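Geometric and topological summary
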Amino acid sequence: MSAVDYSIDGKPYEGFFLKPAGKSNVPVVVIAHAWAGLAENERQKAQLVVDKLGYAAFAMDVYGKGKRGTTVEENQALMNPLAGNRAELQKRLAAGLAVAKQQEGVDANKAAAIGYCFGGLSVLDMARAGMDVLGVCSFHGLLGAPENISSPKISAKVLIEHGWQDPMAKPDDVLAIAKEMTEAGADWQLHAHGNSMHAFTTEGANNAEMGTVYNADADRRSFAHLKDFLAELF
């Protein structure tokens, strides 16, 4: 797994890239990070994409090189400015996608995006903004529509893996995004996992009060859905 330095508006960012050994011209899956920034969870997901699915993986950075959170307060301070300025978030995501497609050995015509928590919101915005990906998958993502795209037309296929007891994406939010995706003309799927909260794919998550709890069954099932989804895209 190699670090990749790049810049946006003259400021430094750092992602990381991994691909199957000895393979070339492989599809690339870009990964949008959770609210803490690029961390061990994203490294684990990148490794799974390469080892279990056989695709290249590029983990994007939307905070800036070295900007990572370790507490709830730090994570909120990093995420909130972008959650409140979706146009800026979308610009940084587009830049990360472009860098991913430039990596040696990838097929730039076959790209998809996956994201977790805040990253789930990020990849949904990639679809809403019409970025050049074949599909996006949001895992326990925030679902609210951006302020800068009122009536999107979505050509990328969309998969949403949702924990039904997620306090950050409640049933009304699920109904709202179903309506939004339908009106956008998207080819969309939504899988709701019972007995699952936010962060159900994040190993070690165990804060029931906050609503972030790992669920091994939902993790396994949602990854199986992703495998099928990416096979269809690529």
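Residues numbered from 1 in each chain as written. Predicted model: local features only at pLDDT ≥ 70, side-chain atom pairs only at ≥ 80, totals over all residues. Heavy atoms only, no water.

A closer look at the sheet that holds strand β2 (residues 11-18)
The cut-off we apply is this: Strands are labelled as partners when DSSP assigns at least two bridges between them. Secondary structure is summarised from DSSP: a helix means a run of H or I of at least four residues, a strand means a run of E of at least two, and numbering begins at the N terminus for each. As a rule, the C-alpha atoms of each element are fitted with a line to give its axis, helices using only the stretch in contact, and angles between N-to-C directions run from 0 to 180 degrees.
As summarised here, the arrangement of the eight strands in space is β1-β2-β4-β3-β5-β6-β7-β8, forming an open sheet in which the pairing is mixed. The open sheet is flanked by β1 (2-8) and β8 (188-193), the only strands paired with a single partner. Along the sheet, successive strands turn relative to each other by an average axial angle of 20 degrees, direction set aside. Of the pairings in the sheet, the one linking strand β5 (residues 106-116) to strand β6 (residues 135-139) comprises five bridges and is parallel in character.

What about the UniProt feature "domain: Dienelactone hydrolase" (unreviewed entry) in the chain?
So the rule is basically this: UniProt positions are given in the numbering used here, feature names are shortened, and annotations may be inferred rather than shown by experiment.
On the UniProt side, "domain: Dienelactone hydrolase" (unreviewed entry) is annotated at positions that read residues 15-232 here. Annotation note: span residues 15-232, helix share 38%, strand share 22%, distance between end C-alpha atoms 26 Å.

Quick word on the pattern of salt bridges
Defined as follows: Here, a salt bridge means any side-chain nitrogen of Lys or Arg that lies within 4 Å of a carboxyl oxygen of Asp or Glu. Burial classification: accessible surface area is computed with a 1.4 Å probe over protein chains only, and a residue below 20% of its type maximum counts as buried, one above 50% as exposed, and the rest as partly exposed.
Within the structure shown, the criterion is met by twelve salt bridges. Put simply, Lys91 and Asp9 hold a salt bridge, and the shortest N to O gap is 2.5 Å. Separated by 82 residues along the polypeptide, Lys91 in helix α3 (residues 86-101) and Asp9 in the loop between β1 and β2 bring together distant segments of the chain. By relative accessible area, which is 35% here, Lys91 ends up partly exposed. The closest approach of N and O atoms between Asp125 and Arg128, which form a salt bridge, is 3.0 Å. Of the two residues, Asp125 and Arg128 both sit in helix α4 (residues 118-128), three residues apart, roughly one turn of that helix. Taken individually, Asp125 and Arg128 each receive the classification buried, so the pair is uniform in this respect.

Section: the packing of helix α1 (residues 40-53) against helix α6 (residues 216-233)
Any two packed helices are characterised by the angle at which their axes cross and by the distance between the axes. For clarity, the threshold we go by: When an angle is under 35 degrees it counts as roughly parallel; over 145 it counts as roughly antiparallel; between 65 and 115 it counts as roughly perpendicular; any other value is oblique. Crossing chirality is assigned from the near helix's rotation relative to the far helix, an anticlockwise turn below a right angle marking it left-handed and a clockwise turn marking it right-handed. By definition in these notes, contact holds between two residues if any of their heavy atoms fall within 4.5 Å. Just so you know the grouping, Ala, Val, Leu, Ile, Met, Phe, Trp, Tyr, Cys and Pro go in nonpolar, Asp, Glu, Lys and Arg go in charged, and all remaining residues, Gly too, go in polar.
Two numbers describe how α1 lies on α6: the axes approach to 12 Å, and their chain directions differ by 60 degrees. As the angle between them shows, α1 and α6 are arranged oblique. When you trace α1 past α6, the crossing you get is right-handed. Every residue of α6 that contacts α1 at Lys45, Leu48, Lys52 and Leu53 is listed here: Asp219, Phe223, Leu226, Lys227 and Leu230. Residue classes in the contact of α1 with α6 are distributed as five nonpolar, no polar and four charged.

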